[in-house]
Structure formats: structure tokens, C-alpha cells
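# Results of the structural survey
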Amino acid sequence: MTLGGGYWLPSRDGTPIPAIGLGITMKTDGKSTRDAYSLFEYAIPPETDGPPLHTHTREDESFICLTGRLDVTLGDREFVLEQGDYLYLPRDVPHAFRNPYAEESRVISVVSPAGLERYYQALAELPPGPMDLSKVKGIMDDFGILLHVQPGER
């Protein structure tokens, strides 16, 4: 629903981007925010890893946990993000997240500046099946994201 140039979306509504085994829903993108930020809702299934350890060189991220728990690596620290918790993930700091728990985790991610939606879309265009880390690495390189594991590692 648009509201005088703005809009309203219920939980889980938005543009789905089926990438890397996560439920990624884009709530807003750079077109809507004058490239200031993008906002995503992630649904991380039980016992699912997010992306391997990586570093963004172009954008900062923030996570707010809506439900469940998420284990996050940020630099040399480990966090358990729980309902209501906030975590800031600055650019140039390696990070990863995973849901080793029995329930789904849902997280809001604000990414600034905008543009990560194009990265997710490129990942979504990969053929279905097991993740080919060498192809993922190529896409990451295109978007200024450094992968800290080699293909064949996890």
C-alpha cells in the first residue's frame, strides 16, 4: 500500500529474493530511499548456515532479531542475537551468521548505502542445487565483498 510516496508492508511481505538457502525479502531498495539504504527481512530456517565468513567493503549492515536466535561472528567476537537484540556490522569487518537452533530465526537487516539487493539478485540467478562457492565468490568479487574461505571449505 502506498501512502503519499511512502508505503506499508506487513511482516514477510515485500519482494522475495530466493538466494543461498535463506528466505530473503526485500522491503525497500535504493530506488525508494535515494540510495541511502536497503532493508531486508531474512528468514533463516532451523539448522541453516548463512553465508561463509566475508567482509563488505562498500556497505555497513545492522541486524535486529525479530524471532528465534542467530549465532553471529563479527571480527574475532561471537554473539548470540536473540529477539529484540541489535547488532551493527560495519564495513571492512569480517562476519558470518548461522542458525544452529531448532526454530526459524527472523532478522531485519538495514544495509547502507543501498545496493546489496543487486548482489542478492545475482545470487538468486545461480542454478538451483548445492552452492558452488567458486561462482558465489565471483559474484561477491563483483560487489566488493571479500570471501574468507576457499572453495571446498565452509
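Refer to the structure printed above.
Criteria and thresholds
- For every chain, the first residue of the written sequence is number 1, and numbering continues from 1 along that sequence.
- Note on the predicted model: pLDDT of at least 70 is required for a residue's local features to be given, and 80 or more for side-chain atom pairs to be given and counted; whole-chain, interface and lining totals, by contrast, use all residues.
- The side-chain figures draw on all heavy atoms in the structure; neither hydrogens nor water molecules are used.
- Centre distance within 6.5 Å is the pairing criterion for rings of Phe, Tyr and Trp, where only the six-membered ring of Trp is used; planes under 30 degrees apart are then read as stacked, over 60 as edge-to-face, and the remainder as tilted.
- For the purposes of this entry, the term helix denotes a DSSP run of H or I that reaches at least four residues, the term strand denotes a run of E that reaches at least two, and both are numbered from the N terminus.
- Under the scheme applied here, a residue whose accessible area is under 20% of the maximum for its type counts as buried, over 50% as exposed, and between as partly exposed, the area being computed with a 1.4 Å probe on protein chains only.
- None of His or the chain ends enter the tally, which takes Lys and Arg as positive and Asp and Glu as negative.
- Basic side-chain nitrogens of Lys or Arg form a salt bridge, by our definition, when they fall within 4 Å of a carboxyl oxygen of Asp or Glu.
- Throughout this description, a polar contact denotes any pair of N or O atoms lying within 3.5 Å of each other; where both atoms belong to protein, one of them has to be capable of donating a hydrogen while the other can accept it, and for residues adjacent in sequence the pair is counted only when both atoms sit in side chains.
- Contacts are assigned to residue pairs that have any heavy atoms within 4.5 Å of one another.
- Fitting a line to C-alpha atoms yields each axis, with helices limited to the stretch in contact; the angle taken between N-to-C directions then spans 0 to 180 degrees.
- In what follows, roughly perpendicular refers to angles from 65 to 115 degrees, roughly parallel to angles under 35, roughly antiparallel to angles over 145, and oblique to any angle outside these ranges.
- Rotating anticlockwise by less than a right angle from the far helix to the near helix defines a left-handed crossing, while the corresponding clockwise rotation defines a right-handed one.
- A pair of strands is considered paired only if DSSP assigns at least 2 bridges between the two.
- Along the arc lie the directions from the helix axis toward the C-beta atoms.

### Focus on the packing of aromatic side chains
- Tallying each qualifying case throughout the model produces 8 aromatic pairs.
- Note on Phe63 and Phe97: the rings are 5.5 Å apart at their centroids and 85° apart in plane angle, and the pair reads as edge-to-face. Taken together, the positions of Phe63 in strand 8 (residues 60-67) and Phe97 in strand 12 (residues 95-99) put the pair 34 residues apart, joining distant regions of the chain. The residues Phe63 and Phe97 share a single accessibility class, namely buried.
- Ring geometry for Tyr119 and Tyr120: centres 5.5 Å apart, planes at 45°, overall tilted.

### Quick look at the side chain of Glu61
- Within the element layout of this structure, Glu61 appears in strand 8.
- Within the buried core, Glu61 has no salt-bridge partner, and the shortest N-O distance to an opposite charge, that of Arg91, equals 10 Å.
- A distance of 3.1 Å separates a polar atom in the side chain of Glu61 from a polar atom in the side chain of His56.
- Residues contacting Glu61, with those up to four places away along its chain left out, are Tyr42, His56, Leu87, Tyr88, Leu89, His95, Ser109, Val110, Val111 and Leu116.

### Let's talk about the packing of helix 2 (residues 116-124) against helix 3 (residues 133-142)
- Taken N-terminus to C-terminus, the directions of helix 2 and helix 3 make an angle of 155°; their axes are 10 Å apart at the nearest point. As summarised for this structure, helix 2 and helix 3 are arranged roughly antiparallel, according to the angle between their axes. When you trace helix 2 past helix 3, the crossing you get is right-handed. Note on element contacts: helix 3 touches helix 2 through Val136, Ile139 and Met140, opposite Tyr119, Ala122 and Leu123.

### Description of the sheet that holds strand 4 (residues 22-28)
- The antiparallel open sheet is built from 6 strands, whose spatial order is 3-4-5-13-8-11. Among the strands making up the open sheet, the edge pair consists of strand 3 (15-19) and strand 11 (86-89). Each strand of the sheet is rotated relative to its neighbour by a mean of 25°, with strand direction disregarded.
- Relative to strand 13 (residues 105-112), strand 5 (residues 38-44) is paired through 7 bridges, and the arrangement is antiparallel. Pairing of Leu39 across the sheet is with Val110, part of strand 13.
- Along the sheet face, helix 2 touches strand 3, strand 4, strand 5, strand 8 and strand 13 and points at about 55° away from the line of strand 3.

### Here we look at helix 2
- Those residues of helix 2 that sit buried are Leu116, Glu117, Tyr119, Tyr120 and Leu123. Around the axis of helix 2, the buried residues are gathered within 155° of arc, so they sit on the same side.

### A word on the environment of Tyr88
- Mapped onto the secondary structure, Tyr88 falls in strand 11.
- A relative accessible area of 41% places Tyr88 in the partly exposed class.
- Sequence spacing of Tyr88 and Glu103 is 15 residues, and the spatial spacing of their C-alpha atoms is 23 Å.
- Among all residues touching Tyr88, those that are not within four sequence positions of it are Asp60, Glu61, Ser62 and Leu74.
- A polar side-chain atom of Tyr88 sits 3.5 Å from a polar atom in the side chain of Asp60.

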